[in-house]
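Report on the structure
Each chain is listed here by its residues.
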Amino acid sequence: MRKYSVLTLIFIIVITSATYSQSSENQLNLMPWPKELKLIDGKFRIDTNFLVGLKGDGDKRIFAASTKMLRRLDARTGLFFKQDFITPENNPDSANLTIICAEPGVVKLGADESYVINIDSLKIEIIAPNDLGAMHGMETLLQLLNVDEKGYFFPAINIIDEPRFPWRGLMIDACRHFMPVDVIKRNLDAMASVKLNVFHWHLSEDQGFRVESKLYPKLQELGSDGLYYTQEEIKNIVQYASDRGIRVVPEFDVPGHATSWFAAYPEFASAPGPYKIERKWGVFDPTFDPTQKATYKFLGGVFGEMKNLFPDEYFHIGGDENNGKQWNENESIQKFMKEKNIKDNHELQAFFNNNLLKILTLLDKKMVGWDEILHEQMPKDIVIQSWRGKDAMIKAAKEGYKSILSNGYYIDLVQHTDVHYLNDPLPEDSPLTFEERKRILGGEATMWAELITPETIDSRIWPRTAAIAERFWSPGNLTDVKNMFHRLDRISFLLEEHGLLHLKNYEMMLRRLTNNNDIVPLKVLVDVLEPLKGYSRHSGAEYRQQSPYTRVVDAARPDSKVGREFENIVEEYLSTKNPETLDALKSKLIVWQNNHNKLVPIINLSPVLKEIEMISLNLSNLSQVGIEALNLLRDGNKAPVKWINKARALLEEAKKPYGQTEIRVTKAIETLVFSVTE
Ligand code: ACM
């Protein structure tokens, strides 16, 4: 056997592990993960001479998109590329990166979005049937950028990629809280980065009508508090989305969720006015009167005007949560139902929807609506967006309707990322037949805006929606949650490139909460707090449109990274009993244990923090219990009964929410306690 010096051995180990980390496909930080991918030997290194060229039949969009990609690369690497713009005149044959696309794509449902990337040490090619696929390829390329001691490079690789579902959306509610143009644009950029292709824009609600109407100007004058998009802004955003390969599907929610329309035009409601813009959250009574011809003339006018702003072939009419109260209490509506033999409110809504369908068909639009528009009297060419349960989606598909899944992707409910990630529109055990499966177009994450503002929206959408985007794009057998979280962390950081505030607003919010005092102890606490999940925040406080959404609960992240990492270390320690893991756990617990005393003086200077004083104390006590449990575990001792009782009492107390937040690490510490008490 040959003898190696210790130094040589260390050298070999370092080299082997470096090669491993660069050649292992698992180490790539791609999201969504491509359909097929093969790493090969080699690296393509970039320097200031890096040149991009386009071949094929590109249009303005691909020149602009490739120039933007070049600028993003230059911004990350600081290389001062010599090429400023990629234009038909500045399109070198000798490019290092050649983008080949046969034709401009059409941004519509079912467009080909496939692409191929080939990288070797000498050149890069992105090949796609059209520029939509080429743009996806450029986003993948930007995620592939890597670095070593010699500089920036792309790993040599072959990628063949295309989406699993054609409808991959994000809905933004711009009504409960208005979302200005720059918020929408930065989120469109982020959507394009993770290959989402539908921006569903929720534009009318009880709390606001958000588009300028020239035909019915009172809609924005009396229904929006002055917070609406002008028609020019809408056109600009639709173009911005199209430049990124994203369709815009507008939603005008009728017949319910319509109070703001009636603040302007009470004559179309099912009960006499006057009406005011709604300021609270929930389901309200005001509903369009489906029995009046004038209602359809009015809605036909509005929809006709909106058709000119929104070129997509799909038009969303909402249709959710009509409580039927105004219909039940209106004598003339009841008489109408008897005369027409309409047996219940659901059937009356189908009558209403069928009239809207006639209008939309004349306007060359296809109807989309929430679950509630599903009715035997509706034809099969409408699209159902399932929000109340997967069963509704399955029922719709079985009955012949196309559908989109949103149940399980309600990001306003601030659930952990893996819950959404593992929610598959078409799992292997789906009860749908092959034909029925084809009716599932995809899914949409829904960002309802009751509890968010332009300041916090990004932190509720990102990074969790990147994992949802992967579910819609990538092969269904991709279900490794740990690997997803590893990649998500990197993608979250890359998304900041678009000006998203999901990471950087956090410390700003903490600064405001401490009144510009030291934020470190508050950050230590809030790093392991999460907002209450589901709809429970609504039952705990009387929120209105104008309430402050600036408290600790608003700063806290839906899926605490620090908490999740702690859970992983606990799991690792319990299976390995590794002393270094023990030290890592203890050092975290000691920081949390000592944090309360550091935070109290800051709370005393910031009354807005009073509401989390108890949870800060609970984290401290909980951490003490965790340390004691670890000591017992290390020494192989079972816990004394008295200690168990004390630990259980503290655990119960630590499960209580304060300031509508809860401690993420309680469960992991409970696991440690169980492991010395059983
Ligand atoms: C909905 O969440 N009401 C569609």
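The rules we used
Residues numbered from 1 in each chain as written. Predicted model: local features only at pLDDT ≥ 70, side-chain atom pairs only at ≥ 80, totals over all residues. Heavy atoms only, no water. Helix = DSSP H or I, 4+ residues; strand = E, 2+ residues; numbered from the N terminus. Rg over C-alpha atoms; globule rule 2.2 N^0.38 Å. Buried < 20%, exposed > 50% of the residue type's maximum accessible area, 1.4 Å probe, protein only. Contact = heavy atoms within 4.5 Å. Areas by Shrake-Rupley, 256 points an atom, 1.4 Å probe, with all protein chains shown as cover. Lys, Arg positive; Asp, Glu negative; His and termini not counted. Charge placed at Lys NZ, Arg CZ, Asp CG, Glu CD. Expected span 1.5 Å × (residues − 1). Polar contact = N/O pair within 3.5 Å; in protein donor to acceptor, adjacent residues only side chain to side chain. Core = buried A, V, L, I, M, F, W, Y, C linked by side-chain atoms within 4.5 Å. Salt bridge = Lys/Arg side-chain N within 4 Å of Asp/Glu carboxyl O. Pairing = 2+ DSSP bridges. Right-handed = clockwise from strand over helix to strand, strands pointing away. pLDDT = per-residue confidence, 0-100. Axes fitted to C-alpha atoms, helices over the stretch in contact; angles between N-to-C directions. Parallel < 35°, antiparallel > 145°, perpendicular 65-115°, else oblique. Left-handed = near helix turned anticlockwise from the far one by under 90°. Nonpolar A, V, L, I, M, F, W, Y, C, P; charged D, E, K, R; others polar.

**Observations regarding the overall build of the chain**
Scanning the chain from terminus to terminus reveals 26 helices and 18 strands. For 678 residues, the compact-globule estimate of 2.2 N^0.38 gives 26 Å, and the C-alpha radius of gyration of the chain, at 28 Å, lies within 12% of that figure. Counting across all 678 residues of the chain, residues that qualify as buried make up 57%. Residue pairs in contact within the chain that sit at least 24 positions apart in sequence constitute 75% of those at least 6 positions apart. Carbon and sulfur atoms make up 54% of the accessible area of the chain, which amounts to about 28400 Å² in all. Taking the average place of the 83 positive charges on the side chains of the chain and the average place of its 93 negative ones, the gap between the two points comes to 2 Å.

**Describing helix α11 (residues 345-362)**
With 18 residues, α11 extends 26 Å between its outermost C-alpha atoms, agreeing within 8% with the 26 Å of an ideal straight helix rising 1.5 Å per residue. Among the residues of α11, those classed as buried are E347, L348, Q349, A350, F352, N353, N355, L356, L357, I359 and L360. Against the buried residues of α11 lie α8 (293-307), β12 (314-316), α9 (325-328), α10 (331-340) and β13 (366-370). For α11, the N-terminal cap is D344; the gap from its side-chain oxygen to the backbone nitrogen of H346 is 3.3 Å. Taken from the residues just after α11, D364 is the one with a positive phi, measuring 70 degrees.

**Let's talk about unusual backbone geometry**
Following G273, the chain continues to P274 via a peptide bond in cis, the omega torsion being 0 degrees. With respect to the element layout, P274 can be found in the loop between α7 (259-264) and α8. Here the bond from W462 into P463 is cis, since omega is 0 degrees, no more than 30 degrees from zero. Assignment of secondary structure puts P463 in the loop between α15 (457-461) and α16 (464-473). The backbone phi angle of D225 is positive, close to 55 degrees, even though this residue is not glycine. With respect to the helices and strands, the residue D225 is situated in the loop between α5 (218-223) and α6 (231-242). Non-glycine residue D364 carries a positive phi angle of around 70 degrees.

**Some remarks on the nonpolar core**
Within the largest apolar cluster, 136 residues are counted, with the highest numbers of intra-cluster contacts made by W201, W261 and F303. When neighbours within four sequence positions are excluded, F303 is seen to be in contact with F252, V254, F315, I317, L356, I359, L360 and L363. Counting 49 residues, the second largest nonpolar core, distinct from the first, contains I519, I569, W592 and A654.

**As for the pattern of salt bridges**
What the rule picks out here adds up to 48 salt bridges. A salt bridge links R45 to D148; the nearest nitrogen and oxygen atoms lie 2.6 Å apart. With a gap of 103 residues between them, R45 in strand β1 (residues 36-45) and D148 in strand β6 (residues 146-148) connect regions that are remote in the sequence. In this structure R45 comes out as partly exposed when scored by relative accessible area, which is 31%. For R176, the salt bridge identified is with D173, shortest N-O distance 3.0 Å. Residue R176 is classed as buried on the basis of its relative accessible area, which comes to 4%. Taken together, the salt bridges that share partners define one network made up of E530, K533, D559, R564, E567 and R664.

**Side note on the pairing of strand β8 (residues 167-173)**
Walk down a regular strand and you will see the side chains alternate between the two sheet faces. β8 sits mainly inside the fold: 7 of its 7 residues count as buried. Taking every second residue as pointing to the same face, both faces of β8 are buried, with W167, G169, M171 and D173 on one and R168, L170 and I172 on the other. Sheet analysis places β8 next to strand β16 (residues 440-447), joined by 6 bridges and oriented parallel. The residue of β16 that forms the bridge with R168 is G443. Strand direction decides the pairing type here: β8 and strand β9 (residues 198-205), joined by 5 bridges, are parallel. Pairing of I172 across the sheet is with W201, part of β9. A crossover links β8 with its parallel partner β9, the connecting element being helix α4 (residues 181-193), and its sense is right-handed.

**Details of the confidence of the model for the chain**
Averaged over the chain, the pLDDT score is 95; the fraction of residues at 70 or greater is 96%. Within the model, the stretch residues 1-23 combines pLDDT values under 50 with 8 contacts to residues more than four positions away or in other chains.

**Here we look at the pairing of strand β14 (residues 383-386)**
With burial as the criterion, each face of β14 is covered, one bearing V383 and Q385 and the other bearing I384 and S386. The sheet contact formed by β13 and β14 spans 3 bridges and is parallel. In the strand pairing of β14, W370 is matched with Q385. Where β14 and strand β15 (residues 402-405) come together, 4 bridges link them in parallel fashion.

**Here's the deal with the environment of L405**
Its location among the elements puts L405 in strand β15. Note: C-alpha distance between L405 and F81 (324 residues apart in sequence) is 43 Å. Residues within four places of L405 in sequence aside, it is in contact with S386, K390, M393, N423, P425, G442, G443 and E444.

**Observations concerning the packing of α16 against helix α17 (residues 481-495)**
Helices that pack against each other are described as a pair by the angle of their axes relative to one another and the distance between those axes. Direction vectors running N to C along α16 and α17 enclose 120 degrees, while the axes themselves pass 9 Å from each other. One element, α16, and the other, α17, form an angle in the oblique class. Pair α16 / α17 crosses with right-handed handedness. Across the interface between the two elements, A466, A467 and E470 of α16 pack against M484, R487, L488 and I491 of α17. Looking at side-chain class alone, the contact of α16 with α17 contains 5 nonpolar, no polar and 2 charged residues.

**Digging into the side chain of E653**
In this structure, E653 sits in helix α25 (residues 641-654). At 2.8 Å, the side chain of E653 and the side chain of Y658 are in polar contact. Setting aside its immediate chain neighbours within four residues, E653 contacts M614, N618 and Y658.

**Some points on the environment of A294**
Among the structural elements, A294 can be located in helix α8. For the pair A294 and S536, spaced 242 residues apart in sequence, the C-alpha to C-alpha distance is 40 Å.

**Quick word on the packing of α25 against helix α26 (residues 666-677)**
Between α25 and α26, whose axes approach to 11 Å, the crossing angle comes to 165 degrees. When the axes of α25 and α26 are compared, the pair comes out roughly antiparallel. Relative to α26, α25 is oriented so that their crossing is left-handed. Along the contact surface, α25 presents W643, I644, A647, L651 and A654, while α26 presents T666, E670, V673, V676 and T677. Residues that form the contact of α25 with α26 fall into these classes: 7 nonpolar, 2 polar and 1 charged.

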